[in-house]
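Secondary and tertiary structure notes
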Amino acid sequence: MSYVKEVYQSIAAKNSHEPEFLQAVEEVLATIEPAVEKDPIYRQNAILERITEPDRMIMFRVPWVDDKGNIQVNRGYRVQFNNAIGPYKGGIRLHPSVNLSIIKFLGFEQIFKNALTGLPIGGGKGGSDFDPKGKSDREVMAFCQSFMTELYRHIGADVDVPAGDIGTGAREIGYMYGQYKRITSLYEGVLTGKGLTYGGSLARKEATGFGLVYMTEEMLKSKGNTIAGKTVVVSGSGNVATYACEKAQQLGAKVVAMSDSNGWVFDKDGIDIAAIKQIKEVERKRISEYVNYRPQAEYHTDGRIWDVPCDVALPCATQNELHLSDAETLIKNGVMAVCEGANMPSTPDAIHKLQSSGIFFVPGKAANAGGVAVSALEMSQNSMRLSWTFDEVDQRLKGIMAGIFGQLKGVCDEFGFGDNYVAGANIAGFKKVATSMIAHGAV
Ligand code: NDP
Ligand code: 2IT
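Per chain, the residues get numbers from 1 upward, laid out in the order the sequence is written. Labels follow written order: the first chain is A, the first ligand is 1, and so on. Given that the model is predicted, a residue must reach a pLDDT of at least 70 before its local features are reported, and side-chain atom pairs must reach 80 or more before they are shown or counted; all residues, however, enter totals for whole chains, interfaces and linings. Only hydrogens and water are set aside when side-chain values are computed; all heavy atoms of the structure are taken into account.

**Some remarks on the overall build of the chain**
Every helix listed is a DSSP run of H or I at least four residues long, and every strand listed is a run of E at least two residues long, numbered separately from the N terminus. Counting secondary structure elements, the chain contains 17 helices and 12 strands. Across its three principal axes, the chain shows a C-alpha extent of roughly 65 × 55 × 45 Å. Taken across its 443 residues, the chain has 57% of its residues classed as buried. By the convention used here, residues are in contact when the closest approach between their heavy atoms is within 4.5 Å. In the chain, of all internal contacts separated by at least 6 residues, the share reaching a separation of at least 24 is 71%. The rule is simple: take the accessible area with a 1.4 Å probe, protein chains only, and divide by the maximum for that residue type; under 20% is buried, over 50% is exposed, in between is partly exposed.

Here is the structure:
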């Protein structure tokens, strides 16, 4: 049995109750096999055994008092996965579905994504099963303060730097930052995605969505094509989806559908992004409200957003939201490219179907890396006690996304993988981290 298969079997046995984690590991290991088998150094250094085992996993009680005076208890997580190339870096997800498997899959993906950015950041992820939806600002603050009251001892500007993810935006980062500062008396860049008045970076809010579209454009350009004039479907209507939609429109595409966990809207004339921002960022309401702004639009709670015909699909909501049957529908309707804004939004069989049908597919760990890349630029600015203009950060982001695509292509050319950007991303990210781990010895 090959080294890769041997290691996967042992990981599968040891983590059998963690389906999302195993899904992420299986994909990475299967695609890096040619690189790993080519060079015995990885086996000699037990790189696969080490890279799939987190440095540490922290789980803790998060008690807080709700508006009725009742004590609520949630579970908090921080998985510090790998710091071979820099301090642990990765978001905090607040969603009722959060469990250890989900945080481990996200932390594992983050290792390779962060390596692809070319910036010195290791992989980590955290979160809680707390649901910010429907909570008052005071309840959210109470939760965030309690969460940080445990987390602060494990993080630091040179140790581990959390940021946003599902359910964690500027409001939550603000409350967490305030509590960190209060407990430690340190004013340091311990979190990213901060507000612009206290150390946040211009263009961080936009970075993941903008970066996704820069990557899509870069990939299409390499095929002599462009996103201008294309019909686009974007799932989700949160941070990533909103700014993906905005940038796609700025580059001349027409985005015709967006969604939330309750339903999806179809607007044949193109999504009114100002309306989406008003509903989601200002009022924190449901996307069903959209038809009040655009009476010609349709709101659906049945069917799938992927039933809407498009040239480019950008899944930007959550893991495993694009299934094999969705891939089949997209292909039937003539999709040309699927680029992942979310982490692991496409199921393995959907990815296989897309790739084997000649659809250009860019995986999340490459396509959504713009968010964490600008987080790393926020860390740089904090260290220098400077702040760059929007344009300067945006230009760097563009350069970083082009650099990532170049790495994917480089690996694809070296191994004769064609357009298998999944293998390209995994091998490029893996090699950088593995080389650093080998240099550090058996730690
Ligand atoms: P937000 O919380 O801002 O938005 C999430 C969106 O996805 C909402 O529209 C939400 O709908 C929908 N959604 C979330 N969970 C589910 C679910 N279980 N089923 C259906 N819909 C769901 O999060 P982000 O935009 O920040 O994150 C979206 C994805 O992008 C995630 O996979 C995240 O890990 C990834 N990502 C985020 C980065 C960032 O910088 N924020 C960077 C890189 C990746 P509803 O409001 O109804 O819950
Ligand atoms: O999945 C991700 O890359 C993020 N949620 C962003 C992480 C970060 O540190 O900015």
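Read on, since the account is not over.
**Examining empty space enclosed by the protein**
A cavity here means a set of 1 Å grid points, computed over protein atoms only, where a 1.4 Å probe fits but cannot escape. A pocket is an open set with protein on both sides within 12 Å along at least 5 of 7 lines, and lining residues have an atom within 4 Å of a point. Grid points are joined across faces, edges and corners, and a volume is the space filled by probe spheres set on the points. Under the criterion given, the structure shown has 1 cavity of 30 Å³ or more. In this structure, the largest cavity spans a volume of roughly 60 Å³. Residues of the lining of the largest cavity, tallied by class, amount to 3 nonpolar, 3 polar and 4 charged. Residue polarity follows a fixed list, in which Ala, Val, Leu, Ile, Met, Phe, Trp, Tyr, Cys and Pro are nonpolar, Asp, Glu, Lys and Arg are charged, and the others, Gly among them, are polar.

**Describing the sheet that holds strand 11 (residues 337-339)**
We call two strands paired when DSSP finds no fewer than two bridges between them. What the 7 strands build is an open sheet, ordered 9-8-7-6-10-11-12; its pairing is mixed. Whereas interior strands pair on both sides, the edge strands pair on one side only; in this sheet they are strand 9 (298-300) and strand 12 (360-362). Within the sheet, the average angular offset between the axes of one strand and its neighbour, ignoring direction, is 20 degrees. In terms of strand pairing, strand 6 (residues 231-235) meets strand 10 (residues 312-315) through 4 bridges, oriented parallel. In the sheet register, S235 faces strand 10, and the bridge partner there is P315. Note on definitions: angles span 0 to 180 degrees between N-to-C directions of axes, and those axes are lines fitted to C-alpha atoms, for helices only across the stretch in contact.

**Quick notes on the site of ligand 1**
Any residue with a heavy atom lying within 4 Å of a molecule or strand is counted as near it. Lining the immediate environment of ligand 1, one finds 25 residues, of which D165, T208, S261, R286 and N343 sit closest. One of the backbone N or O atoms of V240 is found 2.9 Å from an oxygen atom in ligand 1. Within the side chain of S261, a nitrogen or oxygen atom sits 2.4 Å from an oxygen atom of ligand 1. Contributing elements (two or more residues each) for the shell around ligand 1: helix 8 (204-222) and helix 9 (239-250). Here the residues of the shell around ligand 1 sort into 5 nonpolar, 13 polar and 7 charged. In the analysis that follows, any N or O atom pair within 3.5 Å is treated as a polar contact, provided that within protein one partner can donate a hydrogen and the other can accept it, and provided that, for residues neighboring in sequence, both atoms belong to side chains.

**Quick look at the packing of aromatic side chains**
Working definition: a ring pair exists when centres of Phe, Tyr or Trp rings (six-membered ring for Trp) sit within 6.5 Å. Plane angles under 30 degrees give stacked, over 60 give edge-to-face, the rest tilted. Taken as a whole and assessed by the stated rule, the structure comprises 15 aromatic pairs. Consider the rings of F21 and F81, whose centres lie 6.1 Å apart with planes at 40 degrees: the pair is tilted. Of the two residues, F21 is situated in helix 2 (residues 19-38) and F81 in strand 2 (residues 71-82); the sequence distance between them amounts to 60 residues. For the pair formed by F21 and F81, the shared burial category is buried.

**Quick word on the site of ligand 2**
In the vicinity of ligand 2 there are 14 residues, among which K89, Q110, K113, D165 and S375 approach most closely. Within the side chain of N343, a nitrogen or oxygen atom sits 3.0 Å from an oxygen atom of ligand 2. Protein burial of ligand 2: of its 300 Å² of free accessible surface, 93% is covered by the chains. The set of elements that each furnish at least two residues to the shell around ligand 2 consists of strand 3 (88-94), helix 5 (100-116) and helix 15 (369-384). Residues that form the shell around ligand 2 fall into these classes: 2 nonpolar, 7 polar and 5 charged. Every accessible area reported is derived by Shrake-Rupley at a probe size of 1.4 Å, with residue values counting cover from the shown protein chains alone.

**Some remarks on unusual backbone geometry**
For A203, which is not glycine, the phi torsion reads 75 degrees and is therefore positive. On the secondary structure map, A203 appears in the loop between helix 7 (170-184) and helix 8. For A203, a relative accessible area of 6% translates into the label buried. For R284, which is not glycine, the phi torsion reads 50 degrees and is therefore positive. Relative to the helices and strands, R284 is located in the loop between helix 10 (273-282) and helix 11 (290-293).

**With respect to the layout of surface pockets**
Considering only enclosed or pocket space, the second largest pocket measures out at about 420 Å³ in volume. Along the wall of the second largest pocket there are 24 residues; nearest its centre are G189, M379, Q381, N382 and S383. No other element matches helix 15, which puts 7 residues into the lining of the second largest pocket. Looking at the lining of the second largest pocket, its residues break down into 12 nonpolar, 8 polar and 4 charged.

**What to know about the sheet that holds strand 2**
One open sheet holds the 5 strands; their spatial order is 1-2-4-3-5, and the pairing between them is mixed. Because the sheet does not close on itself, it has two edges, and the strands there are strand 1 (56-65) and strand 5 (160-163). For this sheet, the mean angle separating the axes of adjacent strands, direction not counted, is 20 degrees. With 10 bridges joining them, strand 1 and strand 2 adopt antiparallel strand pairing.

**Digging into the nonpolar core**
Here, nonpolar core refers to any group of buried Ala, Val, Leu, Ile, Met, Phe, Trp, Tyr and Cys residues whose side-chain atoms link them within 4.5 Å. L314 and F430 are the most contacted members of the largest nonpolar core, which has 103 residues in total. Sequence-distant contacts of F430, defined by excluding residues within four places in its chain, comprise I32, V36, Y42, I47, L48, I51 and F112. I58, A142, L151 and V190 belong to the second largest nonpolar core, which has 22 residues in total.

**Focus: the pairing of strand 3**
Where burial is concerned, most of strand 3 is hidden: 7 out of the 7 residues are buried. Sheet analysis places strand 3 next to strand 4 (residues 122-128), joined by 5 bridges and oriented parallel. Residue R93 lies in a different strand from strand 4, and its bridge partner there is G127. Regarding the hand of the β-α-β motif, the stretch spanning strand 3, helix 5 and strand 4 is right-handed. As judged from the 4 bridges shared by strand 3 and strand 5, these two strands associate in the parallel manner. Looking at the pairing, K89 lines up with V161 of strand 5. Whether a crossover is right-handed comes down to one check: with the strands pointing away from the viewer, does the path from the first strand over the helix to the second run clockwise; if it does, it is right-handed.

**Examining the pairing of strand 7 (residues 254-259)**
Of all 6 residues in strand 7, 5 are buried, a share of seventy percent or more. Two elements, strand 6 and strand 7, share 3 bridges in a ladder whose sense is parallel. Bridging across to strand 7, T231 finds its partner in K254. With helix 9 bridging strand 6 and its parallel neighbour strand 7, the resulting β-α-β unit is right-handed. Bridging between strand 7 and strand 8 (residues 264-266) involves 3 bridges; their strand directions are antiparallel. What sits directly across from S259, in strand 8, is W264. Here strand 7 folds back onto strand 8, and the loop between the two strands holds 4 residues.

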